[in-house]
There are 2 protein chains.
Amino acid sequence: MPQQPSVNYLVDPINKVKRRHDRGFYDQATVHQLLDSAALAHVSYVIDGQPFCTPTLFWREETRLYWHGSSASRMLRNLSKGEPACLTVTHFDSIVLARSGFNHSADYRAVMAFGKARLVTDALEKDRALTMMVDRFFPERTAGLRATTRQETKATAVIVMEIEKASAKIRAKGVIDDEEDYALPVYAERLPIRTVIGGPEPCPRIRPGVERPTTLGSYREGRLLEEALLEAHGLTYG
Amino acid sequence: MPQQPSVNYLVDPINKVKRRHDRGFYDQATVHQLLDSAALAHVSYVIDGQPFCTPTLFWREETRLYWHGSSASRMLRNLSKGEPACLTVTHFDSIVLARSGFNHSADYRAVMAFGKARLVTDALEKDRALTMMVDRFFPERTAGLRATTRQETKATAVIVMEIEKASAKIRAKGVIDDEEDYALPVYAERLPIRTVIGGPEPCPRIRPGVERPTTLGSYREGRLLEEALLEAHGLTYG
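This is a predicted model, so every value here is computed, not measured. (Residues numbered from 1 in each chain as written. Chains lettered and ligands numbered in written order. Predicted model: local features only at pLDDT ≥ 70, side-chain atom pairs only at ≥ 80, totals over all residues.)

## Comments concerning the overall build of chain A
Alright, step 1. A tally of regular secondary structure across chain A gives 5 helices and 10 strands.
Alright, step 2. Counting only C-alpha atoms, chain A reaches 70 × 50 × 35 Å along its principal axes.
Alright, step 3. Evaluated residue by residue, chain A yields a buried proportion of 44% over its 238 residues.
Alright, step 4. Long-range contacts, defined here as pairs at least 24 residues apart, represent 72% of the contacts in chain A between residues at least 6 apart. (Helix = DSSP H or I, 4+ residues; strand = E, 2+ residues; numbered from the N terminus. Buried ≥ 20, exposed ≤ 12 C-beta atoms within 10 Å, placed from the backbone. Contact = placed C-beta atoms within 7 Å.)

In structure tokens form, the structure reads like this:
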């Protein structure tokens, strides 16, 4: 995927892609592009030996991942001290119908990032994160909003995780059958899956004369969500 | 969502929706419908205190969840003895741009299911699971395929998890602002997100005269993936 040289994340037994080595990537360019093309991640953490898998909006800044939630939430209370976590992003690209049960598969692009999640407690760092939480998705949006109140800041917890290790795993090859099975009179196909943006639904209570800002131009009906998210990330951080 | 009475999953501190209680559901009808509308789940498990979050195809049968992978994979080796796991499915429905940073949000429907994952070792149970792994998505497909070889069966591990606890969390309300903020001259919208099926891509090596089977009728270009998956599940298990 990446054209330019790119630093690799450390590879060790935690993040090494063990099966299908050909599908594994560790370079930052590949890993970051897949992260920046997504808004939704699943975060795993452990409480008293019980694993939890929580969906959350997230974003990347350099080699750090941020997500947030209510200060009252269970996940955030338990991650605040630097607990090990794993944040995973998956782009689900197709379902593959092969000529044998065994070769049924899926095309996908996924990243697993490992590190220690901690609560952002520094006031300046938190204010900046609360701005980027909006502006990463919607460039320059915070500048046009009222200031966040002290109570709102208090009610929002921000978590940061420095990526210590990460890997991308990519399958992008559609139908692959055993050579002898191609002779069978069996139908086989790749069924593509796309996550797209629908028509924006303006709030019915918008004040007269207030138009959709041009800074939302990345988000157009019918466009792939991942393209819009990657573009918006580039506009804000590029 | 469900119209008929439905059994509830046990609610305890593990699966109780702690924040935004109004968004929590525990009835099997709601939980199962959200599971059966998905092919992709994220599974969390713990190895030596390190949480892992792995994307996988999965399916539900009664109150059991199944997923699979290579017998060589790390996750499966470690789940084989009945390890605690959490399987999460998320339908990401919209991004919400509000009039304040704090009220930016997303609409979503998610299920977290908890239990102990174990390897399916009984030969008959495993054969049946390998059939349903295909037929759950593509009704009656296995009957038209060559038999799975002993080597293929050996190379595939099937994991089953009886759902001990589960909860659904649903936000479906678009833009909600603080009452005084509606007077602000700020644009706000709900940006819908849809995961849809693209045009099927037949394998170029299909034998002459082999047509797309009518049993794949649920999977039509442009249709919501979740609708097709729910319909296929109903055809196979209904």
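## Some points on the pairing of strand β8 (residues 189-197) of chain B
Alright, step 1. Relative to β8(B), strand β9 (residues 189-197) of chain A runs antiparallel, the two sharing 5 bridges. Residue pairing for β8(B): A:Thr195 is matched across the bridge by B:Thr195.
Alright, step 2. The sheet contact formed by strand β10 (residues 201-202) of chain A and β8(B) spans 2 bridges and is antiparallel. Considered in β8(B), the bridge of A:Glu201 is made with B:Arg190.
Alright, step 3. Pairing of strand β5 (residues 81-97) of chain B with β8(B), which is carried by 4 bridges, proceeds in the antiparallel orientation. For B:Leu97, the partnering residue across the bridge sits in β8(B) and is B:Glu189. (Pairing = 2+ DSSP bridges.)

## Observations concerning the interface of chain A and chain B
Alright, step 1. With 81 residues of chain A at the contact, the number on the chain B side is 81 residues.
Alright, step 2. Secondary-structure elements contributing two or more residues to the side of chain A that touches chain B are β2 (40-47), β3 (50-61), β5 (81-97), β6 (105-119), α3 (123-135), β9 and β10 of chain A.
Alright, step 3. Take the side of chain A that touches chain B: its biggest share by element is 9 residues, from β9(A).
Alright, step 4. Across the side of chain A that touches chain B, the residue classes tally to 48 nonpolar, 19 polar and 14 charged. (Nonpolar A, V, L, I, M, F, W, Y, C, P; charged D, E, K, R; others polar.)

## What about unusual backbone geometry?
Alright, step 1. In the Ramachandran plot, A:Asp48 falls in the positive-phi region, its phi being about 50° despite a non-glycine side chain.
Alright, step 2. Take A:Asp48: it is sitting in the loop between β2 and β3.

## Remarks on the nonpolar core
Nonpolar side chains tend to gather and get buried jointly when the protein is soluble and globular.
Alright, step 1. Formed by 132 residues in total, the largest nonpolar core has its most connected members in A:Tyr66, A:Val111, B:Tyr66 and B:Val111.
Alright, step 2. Examining the composition of this core, we find that 9 residues originate from one element, strand β7 (residues 156-171) of chain B, more than from any other.
Alright, step 3. Leaving out residues up to four positions away in the same chain, B:Val111 has contacts with B:Val31, B:Leu34, B:Leu35, B:Thr88, B:Val89, B:Ala166 and B:Ala168. (Core = buried A, V, L, I, M, F, W, Y, C linked by C-beta atoms within 7 Å.)

## Section: the relation of the copies chain A and chain B
Alright, step 1. Superposition of chain A onto chain B requires a rotation of 180° combined with a translation of 0.0 Å along the rotation axis, giving an RMSD of 0.0 Å. The superposition of one copy onto the other is thereby described by a two-fold rotation axis. Closest to the rotation axis within chain A is the C-alpha of A:Thr195, separated from it by 2.1 Å.
Alright, step 2. A share of 100% of the interface residues of chain A reappears at the interface of chain B, consistent with the copies meeting face to face through the same patch. (Least-squares fit on C-alpha atoms with pLDDT ≥ 70 in both.)

## Let's talk about helix α1 (residues 28-36) of chain B
Given 3.6 residues to a turn, an α-helix orients residues that are three or four positions apart in the same direction.
Alright, step 1. All of the buried residues along α1(B) are B:Thr30, B:Val31, B:His32, B:Leu34, B:Leu35 and B:Asp36.
Alright, step 2. Of the surrounding elements, those touching the buried residues of α1(B) are β1 (24-25), β3 (50-61), β5, β6 (105-119), β7 and α5 (225-237) of chain B.

## Observations concerning the confidence of the model for chain A
Alright, step 1. Taken as a whole, chain A shows an average pLDDT of 92; of its residues, 92% reach a score of 70 or greater.
Alright, step 2. Listed scores for the predicted complex are pTM 0.95 and ipTM 0.94. (pLDDT = per-residue confidence, 0-100.)

## Some details on α3(A)
Alright, step 1. The end-to-end C-alpha distance of α3(A) is 18 Å, a good match for the 18 Å that 13 residues give at a rise of 1.5 Å each.
Alright, step 2. Along α3(A), the residues that are buried comprise A:Ala129, A:Leu130, A:Met133, A:Val134 and A:Asp135. (Expected span 1.5 Å × (residues − 1).)

## Focus: the pairing of strand β2 (residues 40-47) of chain B
Residues and elements named next belong to chain B.
Alright, step 1. Burial runs high along β2: 7 of the 8 residues are buried.
Alright, step 2. Counting the residues that bridge the hairpin from β2 to β3 gives 2 residues, and of these Asp48 lies at a positive phi of roughly 50°.
Alright, step 3. Two strands pair when backbone bridges link them, and β2 and β5 are joined in this way by 3 bridges, in the antiparallel orientation. Across the sheet, the residue bridging to Val43 is Leu87, located in β5.

## Regarding the environment of A:Ala168
Residues and elements named next belong to chain A.
Alright, step 1. Along the chain, Ala168 falls in strand β8 (residues 165-171).
Alright, step 2. Residue class for Ala168 comes out buried when judged on the 26 C-beta atoms lying within 10 Å of it.
Alright, step 3. On a C-alpha basis, the gap between Ala168 and Arg60 in space is 15 Å, while along the polypeptide they are 108 residues apart.
Alright, step 4. Residue contacts for Ala168: discarding those within four places in its chain leaves Phe25, Thr30, Val31, Leu34, Arg109, Ala110 and Val111.

## Topic: the environment of B:Ala113
Residues and elements named next belong to chain B.
Alright, step 1. Its location among the elements puts Ala113 in strand β6.
Alright, step 2. Separated by 52 residues in the primary sequence, Ala113 and Lys165 have C-alpha atoms spaced 6.0 Å apart.
Alright, step 3. With residues near it in sequence (within four places) discarded, Ala113 still touches Leu65, Leu87, Ile163 and Ala166.

## Here we look at the environment of B:Val17
Alright, step 1. Here B:Val17 shows up in the segment before β1.
Alright, step 2. Sequence spacing of B:Val17 and B:Ala168 is 151 residues, and the spatial spacing of their C-alpha atoms is 8.3 Å.

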